[in-house]
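As a plain string of letters, each chain reads:
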2 protein chains.
Amino acid sequence: MALQQHRARVVVVGGGFGGLQVVRKLRRAAVEITLIDRQNFHLFQPLAYQVATGALSAAEIASPLRVIFKRQRNVRVLLAEATGFDLERRHVLVGRLPNDEDAATVDYDLLVVAGGSRYSYFGHDDWQRFAPELKSLDGALEIRSRILSAFEAAEVEQDVERRQAWLTFVVVGAGPTGVEMAGQIAELARDTLRRDFRAVDTRASRVLLLETADRVLTAFPPSLSKKAANALERLGVTPLVGHTLVDVAYDSVVVQTPIGAQQRIPARTVVWAAGVTGSALAAKLAAAAGADVDNAGRVTVGPQLALAGHPEVFAIGDMVRVRDSGGEILPLPGLAPVAMQEGRYVARVIRARLRGKDSPPFRYVDKGNLATIGRSKAVADVKGVHLSGFLAWITWLVVHLFYLIGFQNRLLVLLRWTFSYVTRGRGARLITVPPDIADEERTHDEPRKLTCA
Amino acid sequence: MALQQHRARVVVVGGGFGGLQVVRKLRRAAVEITLIDRQNFHLFQPLAYQVATGALSAAEIASPLRVIFKRQRNVRVLLAEATGFDLERRHVLVGRLPNDEDAATVDYDLLVVAGGSRYSYFGHDDWQRFAPELKSLDGALEIRSRILSAFEAAEVEQDVERRQAWLTFVVVGAGPTGVEMAGQIAELARDTLRRDFRAVDTRASRVLLLETADRVLTAFPPSLSKKAANALERLGVTPLVGHTLVDVAYDSVVVQTPIGAQQRIPARTVVWAAGVTGSALAAKLAAAAGADVDNAGRVTVGPQLALAGHPEVFAIGDMVRVRDSGGEILPLPGLAPVAMQEGRYVARVIRARLRGKDSPPFRYVDKGNLATIGRSKAVADVKGVHLSGFLAWITWLVVHLFYLIGFQNRLLVLLRWTFSYVTRGRGARLITVPPDIADEERTHDEPRKLTCA
């Protein structure tokens, strides 16, 4: 492909783990980069569950994109939502601009789309209302408000069954996020909140971890799944493996048990951490190229992570599946390290192209897999070496602090973790999102007299 | 008044500065306390303006009420909104409970209402939409999103006049909050954001501080007002004293100048920090007692801070005016120290009553007045000693850290302030609230091509 005489215009859509690496690794290249994101910050999504349980505050895991690239003068940041792609005219369509203009186009010579993924509700988008997800900061803050409000509700609820429904928390999906979330809710109920309430014993809470597969953490070796399940149970989580969610309502879930029976479980708080699907940008990009997405909503890219027939259009991260030169799909998990390696790779391909050179195909280097369960408990699978317990937990802490962006945030998070470890407290327990329960779903009782318990 | 045989039931409405002191100072009294608040946290409102400018994150100035009173076993916290008072039956009506019940009543033997104040829009409640206020955490987070979005808008705006409107910030009211807010916006524009944008020069921002009176900080001596005005001007703020706001729209304000002329100033961001009025609870309490509120929306209490004819009903803080035994209104400013002293006083009165003793009337001890303007700049009036500059600023820092609740928050805030001082950065610059501009007010241009500046 012939690059124009002017400095090549590289447009990167998405400031997640992949997008950031592309931009960073082009810092010395003779290109003009436009980074488009609909939010003004990069979210360190692996710690979103800690915001959802009040262990960290939102700003501590979110770094403004303009701060990250303050000193990188060949990039400009555009706060807008990419709404489509015109691969013929080589421009990205963006929706409403910050100054209220309706739309604009951004021309590119090279395009990198890194839109990430979102949770799929298995075709039941109506479930989202009752079961918010953990991918976004908004979702995490809503979950935080719901969990904390449920304990407040239990404190004033006098009916025993209804109280237990307020104290029942269902986490759907036992991947790393679901496991971490369930563990945190259990710790919150058993440790943090234990002495904060007067009428209710928060230790009576039930945390159910629903998983369709026959074990938790299916991406890990079975022996570590077993250790994780045991650690979860000791924390007070009930892993329900082989259980499939059939329905969610405002006050209960219906699950299908391993023997095929359906069971309704009264529960007022449901957290969604199951099944991801490619960002809507994947479908838009595929459509622009006359292609389709796969059943996980991902667009297919070739060995150099570019679209077939469009070597100038790259796509990376959770929203893609990679087909190697032999036509095989590479088995890449939807994890930050994959997106980061893909981002660095695409930056290398672009730098090579600017020098008229070709690049070898993308290869993923698996550095291991980590999941934390709770205080001093984690599992790690590092190149076949299996770790669990305290050592795995310290590894998890160090890795997450290392990848968190910004020295200030690292220090603040380390400080909060130290406090939480010592005091078993959680410093950011704010209810900030008002409950969203439709009026027809509310119980209508006579005003009652609240008496001291 | 004859107290019942059971432990006296004390109901405190409002977990602000005054309410917290009442509860704390009753920790060893033989009473059962119910603290009712519609939010689950105490907000350190004097630092809300730092959340509004991204210097601090929300959780750092908000402490969960249950954490504050974890170890005080004679208090229970009820997360609900007080909606009315029945002084005959001696109960407080509360609205929707956390478990979705519609309403309830809470009986009291002794009642303390500490509802605080809110900003008054001088009868123009429709202005609130364009000019959010700084009393609440929601307001602070909305202002943060608006200020940061305005710079984003300026970055993509190509029309010179419209760009200047995005870069014009109007702060209404030059009390301590308005002065602090204007100073922070100026520092944000001049220092923090200077190198973050590519197309726009944020130093071209204008920060207008509107004040109807003839000087800023009218609660301070004129010499300190003068020093504050000079410091503000050096920071890049334009104090417009003797200017009265006449109208606010989505894209401009109209002010009446000292010579009586009306002037329209294009400005996309307006922050409200003028004119407070008693909380809605003041009017409800007054109505329950068959009394009226004054023109600042405050209920009148006697020398012991109790309602006339109701020695068992106290009201404190910004929502009251105090009439001494001679019938004179005490000249008390609407500040946290007043509310705190009133709270401690009421706790003393209650403890004395439980022992059958009477109490001397409330007396306010004025410990001084502090306002910060910006980096190393503040004014202080401490018992007639006037301080300004660095020494006043350090005093301000120490006092605010001291009154902030919780060791963890003190440490986190100190850390953020140190970072901001050294790097001139602001760590919590997140746009989290979507802009609320009605469609008919938006500009409708043809999609344009965004080019690198």
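Residues numbered from 1 in each chain as written. Chains lettered and ligands numbered in written order. Predicted model: local features only at pLDDT ≥ 70, side-chain atom pairs only at ≥ 80, totals over all residues.

Participant: Residue-level account of the overall build of chain A, with values.
Facilitator: The number of helices and strands found in chain A is 11 helices and 26 strands. A globule of 453 residues ought to have a C-alpha radius of gyration of about 22 Å, and chain A, at 23 Å, matches this closely. For chain A, the C-alpha atoms occupy an extent of roughly 80 × 50 × 45 Å along the three principal directions. Each of the 453 residues in chain A was classed as buried or not, and the buried ones make up 54%. A fraction of 63% describes how many contacts in chain A between residues 6 or more apart in sequence connect residues 24 or more apart. (Helix = DSSP H or I, 4+ residues; strand = E, 2+ residues; numbered from the N terminus. Rg over C-alpha atoms; globule rule 2.2 N^0.38 Å. Buried ≥ 20, exposed ≤ 12 C-beta atoms within 10 Å, placed from the backbone. Contact = placed C-beta atoms within 7 Å.)

Participant: Outline the relation of the copies chain B and chain A, supporting the account with residue identities and numerical values.
Facilitator: Here chain B sits on chain A after a turn of 180° about the axis and a move of 0.0 Å along it, with an RMSD of 0.0 Å. Here the symmetry operator amounts to a two-fold rotation axis. No C-alpha of chain B lies nearer the rotation axis than that of Leu412 of chain B, which sits 3.4 Å from it. Most of the interface of chain B is mirrored in chain A, where 97% of its interface residues are also at the interface. (Least-squares fit on C-alpha atoms with pLDDT ≥ 70 in both.)

Participant: If you had to explain the sheet that holds strand β24 (residues 377–382) of chain A to someone new, which residues and values would you point to?
Facilitator: Residues and elements named next belong to chain A. With antiparallel pairing, three strands are arranged side by side in an open sheet as β23-β24-β25. The outermost strands of the open sheet, each flanked by one partner alone, are β23 (369–374) and β25 (385–388). Strand-to-strand twist across the sheet, computed as the mean angle between neighbouring axes with direction ignored, equals 5°. Packing of helix α10 (residues 390–403) onto the sheet brings it into contact with β23, β24 and β25, and relative to β24 it is tilted by some 80°. (Pairing = 2+ DSSP bridges. Axes fitted to C-alpha atoms, helices over the stretch in contact; angles between N-to-C directions.)

Participant: Before we move on, can you summarise helix α11 (residues 407–423) of chain B with the specific residues and values?
Facilitator: One turn of the α-helix equals 3.6 residues, which is why residues spaced by three or four share an orientation. Here α11 of chain B spans 24 Å end to end across 17 residues, near enough to the 24 Å set by a 1.5 Å rise per residue. Of the positions making up α11 of chain B, those classed as buried are Gln408, Asn409, Leu412, Val413, Arg416 and Ser420 of chain B. Take α11 of chain B and look down its axis: the buried residues cluster within an arc of 125°, on one side only. For α11 of chain B, the exposed residues set more than 90 degrees away from the buried face come down to Phe407, Thr418, Tyr421 and Val422 of chain B. For α11 of chain B, the secondary structure elements touched by its buried residues are α11 (407–423) of chain A together with β4 (62–64) and α10 (390–403) of chain B. At the exit of α11 of chain B stands Arg424 of chain B, carrying a positive phi of roughly 60°. (Expected span 1.5 Å × (residues − 1). Arc of directions from axis to C-beta.)

Participant: Pulling in residues and values, what's your account of unusual backbone geometry?
Facilitator: Residue and element names in this part refer to chain B. Although it is not a glycine, Leu217 adopts a positive phi angle of roughly 50°. Among the structural elements, Leu217 can be located in the loop between β12 (206–211) and α7 (222–235). The phi dihedral of Leu305 falls on the positive side, at around 65°, and the residue is not glycine. Position of Leu305 among the secondary structure elements: in the loop between β19 (299–301) and β20 (306–307). Under the C-beta neighbour-count criterion, Leu305 is labelled buried, with 23 such atoms within 10 Å.

Participant: Which residues make up the pairing of strand β7 (residues 91–94) of chain A, and what values go with them?
Facilitator: Residue and element names in this part refer to chain A. Relative to β7, strand β6 (residues 82–86) runs antiparallel, the two sharing four bridges. Bridged to Asp86 within β7 is His91. Counting the residues in the hairpin turn of β6 and β7 gives four residues, including Arg90, whose phi is positive at 55°. Relative to strand β8 (residues 104–107), β7 is paired through four bridges, and the arrangement is antiparallel.

Participant: Please give an account of the packing of helix α6 (residues 176–192) of chain B against α7 of chain B that cites residues and values.
Facilitator: Residue and element names in this part refer to chain B. At a minimum axis distance of 9 Å, the contact between α6 and α7 shows a crossing angle of 20°. Classed by the angle they form, the pair α6 and α7 counts as roughly parallel. Note on packing geometry: the crossing formed by α6 with α7 is left-handed. Contacts from Val179, Ala182, Gly183, Ala186 and Glu187 in α6 reach Ala228, Leu232 and Leu235 in α7. Classifying every residue of the contact of α6 with α7 gives six nonpolar, one polar and one charged. (Parallel < 35°, antiparallel > 145°, perpendicular 65-115°, else oblique. Left-handed = near helix turned anticlockwise from the far one by under 90°. Nonpolar A, V, L, I, M, F, W, Y, C, P; charged D, E, K, R; others polar.)

Participant: Outline the sheet that holds strand β23 (residues 369–374) of chain B, listing residues and values.
Facilitator: All names here are of chain B. The sheet built from three strands is open, its strands ordered β23-β24-β25 with antiparallel pairing. What marks the edges here is a single partner per strand, and that holds for β23 and β25 (385–388). Taken pair by pair, the neighbouring strands of this sheet meet at an average axis angle of 10°, ignoring direction. As paired strands, β23 and strand β24 (residues 377–382) are joined by five bridges and run antiparallel to one another. Bridge assignment links Ala371 to a residue of β24, and that residue is Val379.

Participant: Would you mind going over the interface of chain B and chain A in detail, with residue names and values included?
Facilitator: Taken together, the 61 residues of chain B in the interface contact 61 residues of chain A. Taken together, the elements giving at least two residues each to the side of chain B that touches chain A come down to β2 (31–37), β4, α3 (65–68), β5 (75–79), β8 (104–107), α4 (137–156), α11 and β26 (448–450) of chain B. With six residues, α4 of chain B is the single largest residue contributor to the side of chain B that touches chain A. As paired elements, strand β26 (residues 448–450) of chain A and β8 of chain B share three bridges and run parallel to each other. The residue of β8 of chain B that forms the bridge with Leu450 of chain A is Val106 of chain B.

Participant: Can you lay out the packing of helix α1 (residues 17–25) of chain B against helix α9 (residues 336–354) of chain B for me, pointing to particular residues and giving the numbers?
Facilitator: All names here are of chain B. It is the contact of α1 with α9, at a shortest axis distance of 7 Å, that shows an interaxial angle of 30°. With respect to α9, the axis of α1 lies roughly parallel. Read as a crossing pair, α1 and α9 show a hand that is right-handed. For the pair formed by α1 and α9, the contact residues are Phe17, Gly18, Gly19, Leu20, Gln21, Val22 and Lys25 on the first element and Ala336, Ala339, Met340, Glu342, Gly343, Arg344, Val346 and Ala347 on the second.

Participant: Before we move on, can you summarise the environment of Leu370 of chain B with the specific residues and values?
Facilitator: Along the chain, Leu370 of chain B falls in strand β23. Spatially, the C-alpha atoms of Leu370 of chain B and Gly18 of chain B are 19 Å apart, while their sequence positions differ by 352 residues.

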